[in-house]
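Overview (structure and organization)
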Amino acid sequence: MRERIILLSNLMAIFLAVVCVPLSFGQPDGTLRGTVKVQGADAPMHNATVLIIQLGRAARTDLEGVYIFEPVPPGTYDVVAHMHALTDERRTVEIPPGGTVTLDFELKLSPLRQEITVTASGHEETTFDTFQAVTTLDSLQLSAKNAFALGEVLDNQLGVAKRSFGPGSARPVLRGFDGDRVLILSDGLPTGTLSSQSGEHAEPIDAASLERVEIVKGPATLLYGSNAIGGVVNAVTEHHMLHEHPHTGLRGYVSSGVGSNNNSAGGSAGFEYGVKNWLLWGNGGRQVAGDYSSPLGRVENSNTRLSSGSMGFGWFGSRPFFSAGYAVQDGRFGVPFAGEFHHHDDSAEEGNL
């Protein structure tokens, strides 16, 4: 008996949902109309603007100061009347189904006026995007740099300089901030290296294997914590993001570059092979450079060696996906004038023995 009562109640709920929902959606629209006048003068306001905020609809008053909206879906709306050099008036109104509501406004002269300049990007964007300044360097721009370190790659970008003990250990300086006030990310995760504390250390990132580099400046950097008050640099590899669809077949790339100042040479290669929803990828590269030349002569101990490689696989469906990867990097960076800065004294060490 109890099961039958539960079954009947479920059937009744389904019946009400099927019958009542279309009735609620089938309610007739209403009409909103009214006049806009000047307060104290009882004079109609011609060409005033009336806006229904929730619907994004606007209307202008005629010579008699009359405006009208029809049809208007039933509901509660905020309505604003506006005219240049006059104060705005905002009212809340409820439109019943099939009814006509009259809403009049009286505007008065504004004792205070101010000028506001509004700029727009030409496309819809969120509030977060409006104050987030991001500069992006794609793979073509990165390959044209043919540099070893992030500082060399990003040097001369707007608001970006470099701090270095050599071309291999260069680190970006954003808006004059350096060290622990500039956050370096690799695929969205902090690298956690000692380069923020010492100029002798380098970021273990091979710029030749990156898909793009993102530079974040402005108030949005506060979302990344106090270590990002100067800015954020995010090094993005090709396969860290969700693939919208599987890539079938084989494709790859090969790049190389040379430099005369420090006898540098480098190359990188990568591939990806897809079968149905499965994808396998890998890439690797090596860059070498000797001591570089300056107007004062050759700088000793400024040579660089950097090797990197990664591989991974994944399955990508219409919605679910999974992937796994492994990457390794091995680098050696010479520190110019290291002995002079640390005041090494070989004779003193021999005397202590």
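This report concerns the structure included in the present document. (Residues numbered from 1 in each chain as written. Predicted model: local features only at pLDDT ≥ 70, side-chain atom pairs only at ≥ 80, totals over all residues. Heavy atoms only, no water.)

**Observations regarding empty space enclosed by the protein**
Quick note on the threshold: Only protein atoms enter the calculation, which uses a 1 Å grid: trapped sets of points that fit a 1.4 Å probe without letting it out are cavities, open sets showing protein on both sides within 12 Å along at least five of seven lines are pockets, and any residue with an atom within 4 Å of a point is a lining residue. Grid points are joined across faces, edges and corners, and a volume is the space filled by probe spheres set on the points. Lys, Arg, Asp and Glu make up the charged group, whereas Ala, Val, Leu, Ile, Met, Phe, Trp, Tyr, Cys and Pro make up the nonpolar group; the residues left over, Gly among them, are polar.
All chains considered together, the criterion is met by one cavity of 30 Å³ or more. When its volume is computed, the largest cavity comes out at roughly 40 Å³. If you trace the largest cavity, you find it lined by Asn146, Phe148, Gly257, Val258, Ser264, Ala265, Gly266 and Gln287. Looking at the lining of the largest cavity residue by residue, the classes come out as three nonpolar, five polar and no charged.

**Concerning unusual backbone geometry**
Only a minority of non-glycine residues have a phi that is not negative, and only a minority of peptide bonds are not trans. The test is simple: Numbering goes from the N terminus for both helices and strands, where a helix is a DSSP run of H or I of at least four residues and a strand is a run of E of at least two.
Cis geometry is adopted by the peptide bond preceding Pro71, which originates at Glu70 and carries an omega value of -5 degrees. With respect to the helices and strands, the residue Pro71 is situated in strand β5 (residues 66-72). Not every positive phi belongs to a glycine, and Asn47 is a case in point at roughly 65 degrees. Among the structural elements, Asn47 can be located in the loop between β2 (43-44) and β3 (49-52). Phi at Lys276 takes a positive value of approximately 55 degrees, unusual for a residue other than glycine. Assignment of secondary structure puts Lys276 in the loop between β18 (264-275) and β19 (278-289).

**Here's the deal with the pairing of strand β23 (residues 321-333)**
To keep things clear, this is the line we draw: For two strands to be treated as a pair, DSSP must find no fewer than two bridges joining them.
Pairing geometry for strand β22 (residues 304-316) and β23, over 13 bridges, is antiparallel. What sits directly across from Phe313, in β23, is Ala324. A loop of four residues connects β22 with β23, the two strands running antiparallel in sequence.

**Quick word on the sheet that holds strand β17 (residues 249-259)**
Strand pairing in a sheet relies on backbone hydrogen bonds, with the paired strands running either antiparallel or parallel. Threshold: Here an angle of 0 to 180 degrees is reported between the N-to-C directions of two axes, which are lines fitted to C-alpha atoms, with helices fitted over the stretch in contact.
Taken together, the five strands give an open sheet; going across it, the order is β17-β18-β19-β22-β23, and neighbouring strands pair in antiparallel fashion. Strands with a single pairing partner mark the edges of an open sheet, and in this sheet they are β17 and β23. Neighbouring strand axes in the sheet, compared pairwise and without regard to direction, differ in orientation by 5 degrees on average. Examined bridge by bridge, β18 and β19 share 11 bridges and lie antiparallel to one another. The partner of Ala265 across the bridge, within β19, is Val288.

**What about the environment of Leu55?**
What counts, and what does not: Whether two residues are in contact is decided by their heavy atoms: any pair within 4.5 Å suffices.
Its location among the elements puts Leu55 in the loop between β3 and β4 (57-60). On a C-alpha basis, the gap between Leu55 and Pro73 in space is 9.3 Å, while along the polypeptide they are 18 residues apart. What Leu55 contacts, discounting residues up to four positions off in sequence, is Val72, Pro73 and Tyr77.

**A short note on the packing of aromatic side chains**
To keep things clear, this is the line we draw: Between 30 and 60 degrees the pair is tilted, below 30 it is stacked and above 60 it is edge-to-face, where a pair is any two Phe, Tyr or Trp rings, Trp via its six-membered ring, whose centres lie within 6.5 Å. When accessible area is computed with a 1.4 Å probe and restricted to protein chains, residues below 20% of their type maximum are described as buried, those above 50% as exposed, and intermediate ones as partly exposed.
Within the structure shown, the criterion is met by four aromatic pairs. Consider the rings of Trp278 and Phe322, whose centres lie 5.9 Å apart with planes at 85 degrees: the pair is edge-to-face. Here the residue Trp278 occupies a position in strand β19, and Phe322 occupies one in strand β23, the gap between them amounting to 44 residues. Residue class for Trp278 comes out partly exposed when judged on its relative accessible area of 44%. Between Phe313 and Phe322, the ring centres sit 6.5 Å apart and the planes meet at 85 degrees, which makes this aromatic pair edge-to-face.

**Overview of the side chain of Thr61**
Which entries qualify depends on this criterion: Here a polar contact is recorded for every N or O atom pair within 3.5 Å, except that within protein the pair must consist of a potential hydrogen donor and a potential acceptor, and residues adjacent in sequence are included only if both atoms are side-chain atoms.
Note on placement: Thr61 falls in the loop between β4 and β5. Given a relative accessible area of 3%, Thr61 falls into the buried group. Of the polar contacts made by the side chain of Thr61, one reaches the backbone nitrogen of Asn47; its length is 3.0 Å. Within polar-contact distance, the side chain of Thr61 engages the backbone nitrogen of Ala48 at 2.9 Å. The residues touching Thr61, leaving out its near neighbours within four places in the chain, are Val36, Met45, His46, Asn47, Ala48, Val66 and Tyr67.

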